[in-house]
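Commentary on secondary and tertiary structure
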Amino acid sequence: MTTTQIIPYSISSRFQRPPKFTAEERRAFFFITPAIRKVLPRKSAIHKVGFVLQLGYFSATRQFYSTEHVRNKDKGFIEKMLGIKTPVDLSSYTQSIQKQHRAKIRTLFNWHIATPEDRLALQDHAFNFANKRMPAEQQFFQLVSICWKRQFDIPNFKTLQNYINEGYLKFESRLIASFSTHFDDNQQQLVSNICQTADDAKILLNKKYDHSDSTRHFWKNISLLENYRAYHAAVLPTLSKLNLYDESFRFFAKWIKEATLRQILSMHKKGNASLRVLCFIREEYYQRNDYACYSFIKEIKSCITRGKRSQKIENEEQEEAFAEQAITVIDYAKTADAIIKLVYKVQKNPSVSFAEKHTQTLDHIDRYLEAINPEIMTTTDRLNNKLTGNTASINYYLSLEKDAEKVLRKYRSMLKVIEFDEKYSDNNIIQAIKHYNQSNGKYTEDLPLYFLKKSEKTQLFENNIKNMKLYNMLFMVEVCEALRSRRLCLKYSFNHLPEEHYGITRSEFEEDEDHILELANLEGFKDIGGILKKKREAVDAAFKNVNEGLINGENPHLKFTKKGYWHINTPKTDYDITKVIPGLLGDNGSVTLSKVIREVDEFIGFSELFKHSHIVGSKKKVPSELMYAVIVSLGCNISFRQMANACGSSITESKLQHANDWLFSKECIKNANNLIVEEINSLSLPNIFKLNPDTDHASSDGAKITVAVNSILANFSFKYYGKESGVVANSFINEKSAFFHANIQSSTDREALYMLDAYSGNSVVKSNNPSHSGDSHVYTDAIFGATDMFKISLAPRIANAGRQVLRGFSRSQVKKRNSHEIAPTGVINTKLIKRNWKEMLRTIASISLGRASASETFDRLARSEKQNELYRAFKEYGRINKTIFLLEYFDNIELRQRIEKMLSLVELGQKLFRAVFHGRQGKLYQSEPEDMERVILCTTLIRNIIICWNYIVLSDIIIDAPPNEQRFLIESISKGSVLSWAHINMFGEFDYSSRYKSSIKADINTIRKFKVPT
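Residues numbered from 1 in each chain as written. Predicted model: local features only at pLDDT ≥ 70, side-chain atom pairs only at ≥ 80, totals over all residues. Heavy atoms only, no water.

**Quick notes on the overall build of the chain**
Counted only if it meets this: In this text, helices come from DSSP runs of H or I with a minimum length of four residues, and strands from runs of E with a minimum of two, each type numbered from the N-terminal end. Only protein chains enter the calculation, and the probe is 1.4 Å; a residue is then buried if its accessible area is under 20% of its type maximum, exposed if over 50%, and partly exposed in between. Residues are treated as being in contact if the distance between any of their heavy atoms lies within 4.5 Å. Here, Shrake-Rupley sampling with a 1.4 Å probe gives the accessible areas, and only protein chains in the shown set may cover a residue.
Of the regular secondary structure elements, the chain holds 41 helices and 12 strands. When the 1014 residues of the chain are sorted by exposure, 51% land in the buried category. Within the chain, contacts between residues at least 6 apart in sequence are counted, and of these 75% link residues at least 24 apart. For the chain, the accessible surface area stands at approximately 49,900 Å², while carbon and sulfur atoms represent 50% of it.

**Notes on a positive patch on the surface**
The line we're drawing: Patches here are clusters of residues that have more than 30% relative accessible area and form no salt bridge, with a 9 Å joining cutoff for like charges and a 5 Å cutoff for nonpolar side chains (Val, Leu, Ile, Met, Phe, Trp, Tyr). Salt bridge, as used here, is a side-chain nitrogen of Lys or Arg placed within 4 Å of a carboxyl oxygen of Asp or Glu. Only four residue types enter the charge count, namely Lys and Arg as positive and Asp and Glu as negative; His and the chain termini do not. Throughout, a charge is located at the NZ atom of Lys, the CZ atom of Arg, the CG atom of Asp or the CD atom of Glu.
A surface patch of positive charge is lined by K20, K73, K1009 and K1011. Looking at the secondary structure, you find K73 in helix α5 (residues 72-81).

**Quick notes on the pairing of strand β7 (residues 739-746)**
Basically, it comes down to this: For two strands to be treated as a pair, DSSP must find no fewer than two bridges joining them.
Of all 8 residues in β7, 8 are buried; the element is thus mostly enclosed. As paired elements, strand β6 (residues 725-734) and β7 share 7 bridges and run antiparallel to each other. When the sheet's bridge partners are listed, A729 is paired in β7 with I744. Once β6 ends, the chain turns through 4 residues before running back antiparallel as β7, passing S737 with a positive phi of about 70 degrees.

**Structural notes on the nonpolar core**
Keep this limit in mind: Take the buried Ala, Val, Leu, Ile, Met, Phe, Trp, Tyr and Cys residues and link them wherever side-chain atoms come within 4.5 Å; each set so joined is a nonpolar core. Residue ranges for the domains trace back to a domain assignment, done automatically or taken from a database.
Core analysis: the largest hydrophobic core is formed by 162 residues, its most contacted members being F606, F610, F664, W837 and F858. It is helix α39 (residues 929-960) that contributes the most residues to this core, 17 residues altogether. Domain assignment of the residues forming this core places at least three in each of domain 1 (502-556 + 770-891) and domain 2 (579-674 + 937-1009). Those residues in contact with F610 that lie beyond four places of it in its chain are M627, I631, L663, F664, C668, I669, A672 and L941. Counting residues in each nonpolar core, the second largest holds 102 residues, with M134, F183, V235 and Y492 among its members.

**Regarding the packing of aromatic side chains**
Condition: Stacked, tilted and edge-to-face pairs are distinguished by plane angle, under 30 degrees for stacked and over 60 for edge-to-face with tilted covering the rest, among Phe, Tyr and Trp rings (Trp via its six-membered ring) whose centres lie within 6.5 Å. In this scheme, Lys NZ or Arg CZ marks a charge over a ring once it lies within 6 Å of the ring centre and within 35 degrees of the ring normal.
In the structure shown here, the tally under the stated rule is 38 aromatic pairs. Pairing F30 with Y57 gives two aromatic rings, centres 6.0 Å apart and planes at 70 degrees, and the pair type is edge-to-face. Of this pair, F30 sits in the loop between α2 (23-29) and α3 (34-39) while Y57 sits in helix α4 (residues 45-61), and the two are 27 residues apart along the sequence. By the burial criterion, F30 is buried, and Y57 matches it. Put simply, the rings of F21, F29, F30, Y57, Y65 and F77 touch in pairs and so form one group of aromatic residues. One residue, K170, lies across the ring of F127, its end atom 5.4 Å from the ring centre.

**Observations regarding the environment of K544**
Residue placement: K544 occurs in helix α25 (residues 528-551). The class for K544 is exposed, based on a relative accessible area of 53%. Sequence separation of K544 and A823 is 279 residues, and the distance between their C-alpha atoms is 9.3 Å.

**A word on helix α38 (residues 893-916)**
Each α-helix winds once per 3.6 residues, and so residues spaced three or four apart point in a common direction. Here is the rule we go by: Under the convention used throughout, the expected extent of a helix is 1.5 Å for every residue step, that is, one less than its residue count. N or O atoms closer than or at 3.5 Å make up a polar contact, with two conditions inside protein: a donor-capable atom paired with an acceptor-capable one, and, for residues adjacent in sequence, both atoms drawn from side chains.
For α38, built from 24 residues, the straight-helix expectation of 34 Å at 1.5 Å per residue is met to within 8% by its first-to-last C-alpha distance of 35 Å. Of the residues flanking the start of α38, the one acting as N-cap is N892, its side-chain oxygen 3.0 Å from the backbone nitrogen of E894.

**Comments concerning the side chain of N660**
Tracing the backbone through its elements, the reader meets N660 in helix α30 (residues 653-662). Residue classification places N660 among the buried residues on the basis of a relative accessible area of 6%. Not counting residues within four places of it along the chain, the set of residues in contact with N660 comprises V630, L634, F640 and R934.

**A closer look at the confidence of the model for the chain**
Filter applied, for reference: A score from 0 to 100, pLDDT tells how confident the predictor is in each residue.
Across the chain, pLDDT averages 85, with 89% of residues at or above 70. The spread of mean pLDDT over the elements of the chain runs between helix α17 (residues 376-388), the lowest at 61, and helix α34 (residues 830-835), the highest at 95. The low-confidence segment residues 1-5 (pLDDT under 50) makes 14 contacts with residues lying over four places distant or belonging to another chain.

**Some thoughts on the packing of helix α31 (residues 666-682) against α39**
Keep this limit in mind: Note on geometry: axes are lines fitted to C-alpha atoms, helical ones only across the stretch in contact, with angles between N-to-C directions running from 0 to 180 degrees. Roughly parallel covers angles under 35 degrees, roughly antiparallel covers those over 145, roughly perpendicular covers 65 to 115, and oblique covers all other angles. We call a crossing left-handed when the near helix sits turned anticlockwise from the far one by less than a right angle, and right-handed when that turn is clockwise. Residues are grouped as follows: Ala, Val, Leu, Ile, Met, Phe, Trp, Tyr, Cys and Pro are nonpolar; Asp, Glu, Lys and Arg are charged; all remaining types, including Gly, are polar.
Contact geometry of α31 with α39 gives a least axis separation of 9 Å together with a crossing angle of 20 degrees. In terms of axis orientation, α31 runs roughly parallel to α39. You can see that α31 and α39 cross each other, and the crossing is left-handed. Across the interface between the two elements, K666, I669, K670, A672, N673, I676, V677, E679 and I680 of α31 pack against E930, E933, R934, L937, C938, T940, L941, N944, I945, I947, C948 and Y951 of α39. A breakdown of the residues in the contact of α31 with α39 according to their chemical character gives 12 nonpolar, 3 polar and 6 charged.

**Points about the pattern of salt bridges**
A full pass over the atoms with the stated rule returns 36 salt bridges. Close ionic contact of D931 with K208 constitutes a salt bridge, the shortest N to O distance being 3.8 Å. Here the residue D931 occupies a position in helix α39, and K208 occupies one in the loop between α11 (202-205) and α12 (215-240), the gap between them amounting to 723 residues. What makes K208 exposed here is its relative accessible area of 56%. Across the salt bridge formed by D781 and R879, the nearest N and O atoms sit 3.0 Å from each other. Of this pair, D781 sits in helix α33 (residues 781-789) while R879 sits in helix α37 (residues 869-889), and the two are 98 residues apart along the sequence. Judged by relative accessible area, D781 falls into the buried class, the value being 14%. On the basis of relative accessible area, R879 is assigned to the buried category, the value being 16%.

Structure (structure tokens):
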């Protein structure tokens, strides 16, 4: 088999050479224990050094390395440790002796040579990874992880790469054989019709979902969905027998999505389009089902919001009227009291005759009746209803009824087309949908009423008048809530399947719990009793520390308000982004963006990672100038036509579009970003910005972006987008100013849902216990719980932190706020946490092992909070961690200053985002969420390129400076920020050629080897 180089060279290079140890790591890995001393060679110095070298490297990586790659620092350290004065020559360390030593080392670690069964296990896993379309780099590290689990020697790089290539070939050959067996004549005719018949080929001409929110366009989408439903039913028997993962279906469908109609027809004539067309049908059917539901939920939520807003206005008006009504009733009561007293006085007067008493009494009553307001009883009834809470939300229902005609007209057909999963859905809602479809929303005697409140039934059927318009609208609200809470599930969908279809199944978790927890790095969380005991001790200690600080006057920044709340001040630090660095990097606009991109690529080679998504191992090289142009076009929000006009004849609009379609997948852009972030992390200079060398501190923030075209993800918000709609782009930045993650979300979603996505499966996050900061949008109680299980220290800046509820483990600890003591005001429900702990572990393990998305998982749980005890358990566990954090927050001034610094850093990063994303008034012109995300990732890529270039140039300046000036330069740089871009001309000429002289004097190896003087 011809080996295809599908794994980046940087990985193969690192894998085939011994690890680079720090001084501390060298002492730890080469430490000779009594057990090692027993098997250590006693005579030859060469054998002693060779044995300890192999032992240390094996201890770190479970690999053996060739002696020619041994690092001199390691060899010298061992010689000094063993008291060997003369350097040994390892060329005399023969293969036979090495083999004997390796056998002893395996015995020490309870390891073994790979058996045929072990090799077969690696091949089987490679086949499954190919089915999941797992990137080759990720496959490589997964196979290494399997070797660790089974405790056998990790094969060399070439062997692992062959397993990966063979897995792809084996998967594709089996797939072709299986497809040929099950693909029948009827399906062949269907594919031919789709590719050749005018009526059926319209699905290939309408591959993009129409994101317009107009009724006419939605009907068009539903009509296409109906066609896909019929096609999907026809091809389902074959697709179900292929045993493919969603990733494989998506991979084959993507070719049809990106290809032109002419390319598809050409492929069909060659007989190679059938599988791709079938996968495309499935992918589109699932995706369009989700889009239809998303559009429906979005519309109904808007109607509910309008109704509540209308009701709020009504309630405010009622409050004003309530005061007037109360005065009227009081006046009436006073008048009635005075009349009754007069009548009583007359009747008790013995000197007045009966006739006179009768006449005077009638006169008093007549005057009272003439003076009294005739609507007093109506006013009294209204007041009584207000006081007893019997007022109906009239305006809310009137608003819903007003929207009903448009909503019912638009979405009535949708409920007939979508296939709901009756097995996993609530039977009440399924029967209600069937009734609605059969009756077309008209009144029948068996009308489902289970979802209506008592007041709503009165509102609908008062005086025998049947308000079916409002009933149908309330039914649509119930369908919306059922979809959001998972009481209503779809058969064919990505986002609306039953909860059991996401993540690790319960049966799978119960069968292999210990192994799953080990893989997910959750073995320390198994004993919930022990965890809660430690948490209780931590909470009690935190309350004690903060109160002792208050009593002893050690916390002058903490003040109490009159109501018993606390307020905290944070002094400013000497961190100033305007200091020194911009001046060192050059004058304003002195460097073009195109030059910065080329120079960083020449140093790092990130452009090599942009590969054709469907042609593995292609030797055809895409010009780097074309890739730079696409990066700038997407990242700076410049249209391909404008970019082509600016670049000259060598780069055309069609070339840009072709490269965008086939080379710039999300995965490729992420890989390029990760490579640059890893390069930044590997340099010495960025370490001056780290407070603690052993941990990372990151922060995130969302930028509001207006969307200029119709998109299902965009929402209206007059506060942020005026009369237009928009989305939120989240940026995640570490202390070294590297942007290690970015994503797009709806403006109605909370940013906290997407925070865990930045850490789950992110290869560039190396710290074992990172801290993460943000504003109040970055956390919820449930996310506080989840981050603790991910071993992430969540440290947000919480608005009105003094009004937050602090919780303890005992009711005896709870005190009122005005006690002038920091004490719990709530109690943790430990029973709820214990009852759901295994499900919490299963959920976090699913996310950690890549079986589920963190944002989608917690979004689903949050939507069904009322019915979902698991989400309430996450919230309860999170409240423990939030309490511990809050107590530390107002007792630790350094923590507060670090948080403020990281928030300033990410806010500066968002300013850089605006500077880079300058084209077309900073508005997105993409409809599909995936296309939006590719644009944001390219903007992030440019930001990382700028940061990396700044570090390289600053390192070059320090290297070139006299030794006596280097320390001054480093100290000056440490008080500023490398998030500087004034020296870069974002708008200048787009010349991507290499004709310009490099700005950097030193070569990349010199810069990589450079160490900041301590």
